Amino acid sequence: MRLLVLFFSLSLFYRAQAQPLYNSAIYLQKNVLGNMFAFGVASGDPSSNSVVLWTKLNWKYTSNLQVQWEIAEDTAMQQIVAKGVKFAKMESAFTVKFKVEDLQPGKTYFYRFLAKDQYSPIGRTKTAPTNGASELKFAVVSCNNYQHGYFNAYRLIANRCDIDAVIHLGDYIYEYGVNRTGKKPQIRDHIPEHEILTLVDYRSRYAQYRLDEDLQEAHRLHPFIAVWDDHEFANNTYKDGAQNHQAAEGEWEERKKCARQVYFEWLPIADNDSLSIIRKLNYGDLAEVFMLDGRVEGRDKQLEHPNELAQADIDRTMIGKSQADWLVRGLVESKAKWKVMGNQVMFSELDMHKLSKKYARNLDAWDGYPSERNKLLNDMYTANLKNILVLTGDIHTSFGLDLVRHPQDKTSYNRKTGKGVIGAEIVTPSVSSSNLDERIPRGLAKLVGKLVKDKKTNPHMKYNNLVDHGYVLLQLSAKDAVATWVYCKTVKENRADMRKSKSWITKYDANHLTKYRP
Ligand SMILES: [Fe+2]
């Protein structure tokens, strides 16, 4: 009889134990043990009357958990405007994510969760305005490699009270294992130590990143509008594979499925059946934001040598026909003054032949998919579009470029007068992922910057910086768009001070980048 009771108790005990959600090293991190809200809170994808709220419970067992939530107009959580109950389930690793509706436009709200008698930290978020807003401010970020440095840029962003939303252009995590070569900057070690391949691996990597206090604080205090780039899957991802995926690592489709699922578990992005990141966000008559998927939706495999471009199949695509049609239709129909594209890789031409014949073009960027880019640009010119702002991450550099169809053609483009320009491309520096000067001497990296900015080679490039980390503050008004590159003093220590900033402006209807003189 005793044996029977013991067996029964043990079977109940084991049934209550979930398969581990994370690598065991996650549970040894600071503030994780016993802290139901160790991963913080977040919000995202604001509209004029709704916002997505997010949290993820630090819960090890199989049982579903009831979570209460409330959203208020004040920090003391007294003027509650909505509240409810959700269930956190094992199948989503206890993610709680939902859209709160019936909110007021252009308004700041505060929210929190309650589970197992623990309150979460209080988050702050903001809805989008309807028509008539005088100004919008976005913090634009990309490329936060945990191993390469501290997320000081996120602390700088968290410290601001004037941001409408943070636009994240991808490389939110990196898939690599711990780097033992000593060749690249290695400030902190990844969990798990190996390259991530499985569901548990991807969940563990996001968990580690979200335990970073600076990133967590940026999420707590601002809504995010995020898209993935390649490293949320594996380096140089395309639809059917990735440079950093080998056959011995298993089925690509299975890895892609895990990576996609886990991205949706961790990011405060609106859920949808196909787990697509392609969407449009409206900020009244001032801005419309088109978030693109240039990785797994329609991207054909990258070419290997610039010489192949001449023979390349005209039908090769990066975003694919249906997404391109959706984008052009949306841009043409948009009534907003500024049409913003949240894009992964460099859109404008970038001629690097002075540096290297082999690497004269970045074939992972739009330069590797010229026919699809040319068609998009032709459609924009045909529709007489102006005020397009292409936001770009991926390459760990700061660039400010006139958006133009043929930068080399003096008859159609004038870099001084702005003739032929339909907007600007703003490339945001990495939050921490290694810059050129962290791989080659700083003086040499600055020389590369000068060569790339040469007026004959890349006449549309107005600004560049290849050596600093930080973010871009994008301010939009009816009059102009000001991009300010804000740089951190260091990523090697955890300190949030600014090194310097640099502002460029594009003026409404005079549409090219000039130095900002307030
Ligand atoms: Fe990156």
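So, a few notes on the structure that sits alongside this text. Source: prediction; values computed, not measured.

Description of the overall build of the chain
In step 1: Of regular secondary structure, the chain possesses 10 helices and 24 strands.
In step 2: Relative to a compact globule of 518 residues, whose C-alpha radius of gyration would be 24 Å, the chain shows 23 Å and is just as compact.
In step 3: Overall size of the chain, expressed as C-alpha extent along the three principal axes, is 95 × 55 × 45 Å.
In step 4: By residue count, 58% of the 518 residues in the chain fall in the buried class.

With respect to the layout of surface pockets
In step 1: For the largest pocket, the calculated volume is near 1,500 Å³.
In step 2: In terms of lining, the largest pocket is formed by 50 residues, of which the most central are Asn236, Asn362, Asp394, Ile395 and Arg439.
In step 3: Across the lining of the largest pocket, the residue classes tally to 19 nonpolar, 20 polar and 11 charged.
In step 4: Space inside the second largest pocket adds up to approximately 450 Å³.
In step 5: Lining the second largest pocket are 21 residues, with Lys30, Asn31, Leu211, Asp212 and Glu213 positioned closest to its centre.
In step 6: Sorting elements by how many residues they give to the lining of the second largest pocket places helix α5 (residues 213-221) first, with 5 residues.
In step 7: Among the residues making up the lining of the second largest pocket, the classes are represented as 7 nonpolar, 6 polar and 8 charged.
In step 8: Residue contributions to the lining of the second largest pocket reach at least three from each of two domains, namely domain 1 (19-126) and domain 2 (135-515).

Comments concerning the pattern of salt bridges
In step 1: Tallied over the full model, the rule gives 35 salt bridges.
In step 2: Ionic pairing is found between Arg495 and Glu493, a salt bridge with its closest N-O pair at 3.7 Å.
In step 3: Looking at Glu493, the relative accessible area reads 44%, which means it is partly exposed.
In step 4: Between Arg495 and Asp497 there is a salt bridge, with its nearest N and O atoms 2.8 Å apart.
In step 5: Through salt bridges with shared partners, a single ionic network connects Asp229, Asp230, Arg295, Arg299 and Asp364.

Quick word on the packing of helix α4 (residues 199-210) against helix α6 (residues 252-266)
In step 1: Packing of α4 against α6 brings their axes to within 9 Å, and their N-to-C directions diverge by 35°. Between α4 and α6 the crossing geometry is right-handed. For the pair formed by α4 and α6, the contact residues are Leu199, Tyr202, Arg203, Tyr206, Ala207 and Arg210 on the first element and Arg255, Cys258, Ala259, Gln261, Val262, Tyr263, Glu265 and Trp266 on the second.
In step 2: The class makeup of the residues in the contact of α4 with α6 is 9 nonpolar, 1 polar and 4 charged.

Description of the sheet that holds strand β19 (residues 423-427)
In step 1: Here we have 7 strands laid out as an open sheet, ordered β14-β15-β16-β17-β19-β18-β20, and mixed in their pairing. A single partner strand is all that each edge strand has here, and the edge strands are β14 (279-283) and β20 (461-465). This sheet shows a mean twist of 15° between the axes of neighbouring strands, independent of strand direction.
In step 2: The pairing of strand β17 (residues 388-392) with β19 spans 5 bridges and is parallel. From the neighbouring strand, Ile388 faces β19, where its bridge partner is Gly423.
In step 3: Along the sheet face, helix α8 (residues 321-333) touches β14, β15 (287-291) and β16 (338-342) and points at about 180° away from the line of β15.

Notes on the coordination of the iron ion
Tetrahedral coordination by four donors sets the ideal angle at the metal to 109.5 degrees; octahedral coordination by six donors sets it to 90 or 180 degrees.
In step 1: Only Cys143 (SG), Asp171 (OD), Tyr174 (OH) and His396 (NE2) from the protein reach the iron ion as donors, at distances of 2.1 to 2.5 Å.
In step 2: Note that the iron ion binds 4 donor atoms; their angles at the metal cover 87 to 171°, and the shape is irregular.
In step 3: Read in sequence order, the donor residues coordinating the iron ion give the pattern C-x27-D-x2-Y-x221-H. Residue Cys143 is found in the loop between β9 (135-141) and α3 (152-158), and its partner His396 is found in the loop between β17 and β18 (398-403); the two are separated by 253 residues along the sequence.

So, helix α9 (residues 370-382)
In step 1: Here α9 contains 13 residues, and its C-alpha end-to-end distance of 18 Å stays within 8% of the 18 Å for a straight helix at 1.5 Å per residue.
In step 2: Of all the residues in α9, the buried ones are Glu372, Arg373, Leu376, Leu377, Met380 and Tyr381.
In step 3: Contacts from the buried residues of α9 go to α8, β16, β17 and β18.
In step 4: One or two positions beyond α9, positive phi appears at Asn384, with a value near 60°.

What to know about a positive patch on the surface
In step 1: On the surface, Lys416, Lys453, Lys455, Lys502 and Lys515 cluster together into a patch of positive charge.
In step 2: Mapped onto the elements, Lys453 comes out in the loop between α10 (442-452) and β20.
In step 3: The class for Lys453 is partly exposed, based on a relative accessible area of 34%.

Quick notes on empty space enclosed by the protein
In step 1: Scanning the entire structure with this criterion turns up 1 cavity of 30 Å³ or more.
In step 2: If you add up the space inside the largest cavity, you get close to 70 Å³.
In step 3: Mapped by element, the contributors of at least two residues to the lining of the largest cavity are α9 and β18.
In step 4: Top element by residues in the lining of the largest cavity is α9. It accounts for 3 residues.
In step 5: Of the residues contributing to the lining of the largest cavity, the split by class is 5 nonpolar, 3 polar and 4 charged.

Side note on the packing of aromatic side chains
In step 1: All chains considered together, the criterion is met by 26 aromatic pairs.
In step 2: Measuring from centroid to centroid gives 5.0 Å for Phe39 and Trp266, while their planes differ by 80°, and the two rings are edge-to-face. Highlighted residues: Phe39 in the loop between α2 (24-27) and β1 (41-44) and Trp266 in helix α6, separated in sequence by 227 residues.
In step 3: Exposure remark for Phe39: the relative accessible area of 1% places this residue in the buried category.
In step 4: Trp266 gets classed as buried once you look at its relative accessible area, which sits at 0%.
In step 5: For the ring pair Trp59 and Tyr61, a centre distance of 5.1 Å and an interplane angle of 75° mean the geometry is edge-to-face.
In step 6: Its relative accessible area of 15% is what places Trp59 among the buried residues.
In step 7: Overall, Tyr61 belongs to the partly exposed group, its relative accessible area being 33%.

Procedures and definitions
- Residues numbered from 1 in each chain as written.
- Predicted model: local features only at pLDDT ≥ 70, side-chain atom pairs only at ≥ 80, totals over all residues.
- Heavy atoms only, no water.
- Helix = DSSP H or I, 4+ residues; strand = E, 2+ residues; numbered from the N terminus.
- Rg over C-alpha atoms; globule rule 2.2 N^0.38 Å.
- Buried < 20%, exposed > 50% of the residue type's maximum accessible area, 1.4 Å probe, protein only.
- 1 Å grid on protein atoms, 1.4 Å probe; cavity = no way out; pocket = protein on both sides within 12 Å on 5 of 7 lines; lining within 4 Å.
- Points joined across faces, edges and corners; volume = space filled by probe spheres on them.
- Nonpolar A, V, L, I, M, F, W, Y, C, P; charged D, E, K, R; others polar.
- Domains from an automatic or database assignment.
- Salt bridge = Lys/Arg side-chain N within 4 Å of Asp/Glu carboxyl O.
- Axes fitted to C-alpha atoms, helices over the stretch in contact; angles between N-to-C directions.
- Left-handed = near helix turned anticlockwise from the far one by under 90°.
- Contact = heavy atoms within 4.5 Å.
- Pairing = 2+ DSSP bridges.
- Donors = N, O, S within 2.8 Å, 3.2 Å for Na, K, Ca; no water.
- Tetrahedral: all angles 85-135°; square planar, octahedral: opposite > 155°, others 65-115°.
- Expected span 1.5 Å × (residues − 1).
- Patch = residues over 30% accessible without salt bridge, like charges linked within 9 Å, V, L, I, M, F, W, Y side chains within 5 Å.
- Areas by Shrake-Rupley, 256 points an atom, 1.4 Å probe, with all protein chains shown as cover.
- Lys, Arg positive; Asp, Glu negative; His and termini not counted.
- Charge placed at Lys NZ, Arg CZ, Asp CG, Glu CD.
- Phe/Tyr/Trp six-rings, centres within 6.5 Å; stacked < 30°, edge-to-face > 60°.

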